[in-house]
Amino acid sequence: MTTRNFAFAALLLLLPFLAEAKSISVQVKGMVCAFCAQGIEKKFKSLPEITKVHVSLETKLVSLETQEGKDIPDDQIKKIITESGYDVVKIERAK
Ligand SMILES: [Cu+2]
């Protein structure tokens, strides 16, 4: 198999994964009330690549789901949360 064929075969194998929706879980510090939760939820919901947003005040987690084949970079998530006045503790992505 040539290198090019190999690269092509590898790409074909990867495609289903690339097209999947991403589940991202963001741990946020500083959210204390329903108003905090709503503000964050609204910002993420305004992004076309995000299909689902769920904010839990109990666990302090913002759960995001992207459109199939779309992603949102960690930097953008951090920017949105920081600009809203909260801190990102960690970002986890489901495999
Ligand atoms: Cu609040």
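That block above? That's the structure.
No experiment lies behind these values; they were computed from the predicted model shown.

With that settled, consider the overall build of the chain. For the chain, the helix and strand inventory stands at three helices and four strands. Order of helices (α) and strands (β) in the chain, N terminus to C terminus: α-β-α-β-β-α-β. Relative to the globule expectation of 12 Å for 95 residues, the C-alpha radius of gyration of the chain, 17 Å, shows a markedly less compact shape. Overall, the C-alpha framework of the chain stretches about 60 × 20 × 20 Å when taken along its three principal axes. Going through the 95 residues of the chain one by one, you find that 11% of them count as buried. Of the contacts made within the chain by residues no fewer than 6 positions apart, 62% connect residues no fewer than 24 positions apart.

Let us look at the sheet that holds strand β4 (residues 87-93). Sheet strands line up and pair through hydrogen bonds in the backbone, either parallel or antiparallel. The strand order across the open sheet formed by four strands is β2-β3-β1-β4, and the pairing between neighbours is antiparallel. Since the sheet does not close on itself, it has two edges, and those belong to β2 (50-56) and β4, each with one partner. On average, adjacent strands in this sheet sit at an angle of 20° to one another, irrespective of strand direction. Note that strand β1 (residues 23-29) and β4 share six bridges and pair antiparallel. If you follow Val28 over to β4, its bridge partner there is Val88. Each of β2 and β3 (61-66) touches helix α2 (residues 34-45); the most contacted strand, β2, lies at about 170° to it. Across the face of the sheet, helix α3 (residues 74-83) comes into contact with β1 and β4 while running at roughly 150° to β4.

Moving on to the pairing of β1. Where β1 meets β3, five bridges bridge the pair, whose relative direction is antiparallel. Pairing of Ser23 across the sheet is with Glu65, part of β3.

Cut-offs applied
Residues numbered from 1 in each chain as written. Predicted model: local features only at pLDDT ≥ 70, side-chain atom pairs only at ≥ 80, totals over all residues. Helix = DSSP H or I, 4+ residues; strand = E, 2+ residues; numbered from the N terminus. Rg over C-alpha atoms; globule rule 2.2 N^0.38 Å. Buried ≥ 20, exposed ≤ 12 C-beta atoms within 10 Å, placed from the backbone. Contact = placed C-beta atoms within 7 Å. Pairing = 2+ DSSP bridges. Axes fitted to C-alpha atoms, helices over the stretch in contact; angles between N-to-C directions.

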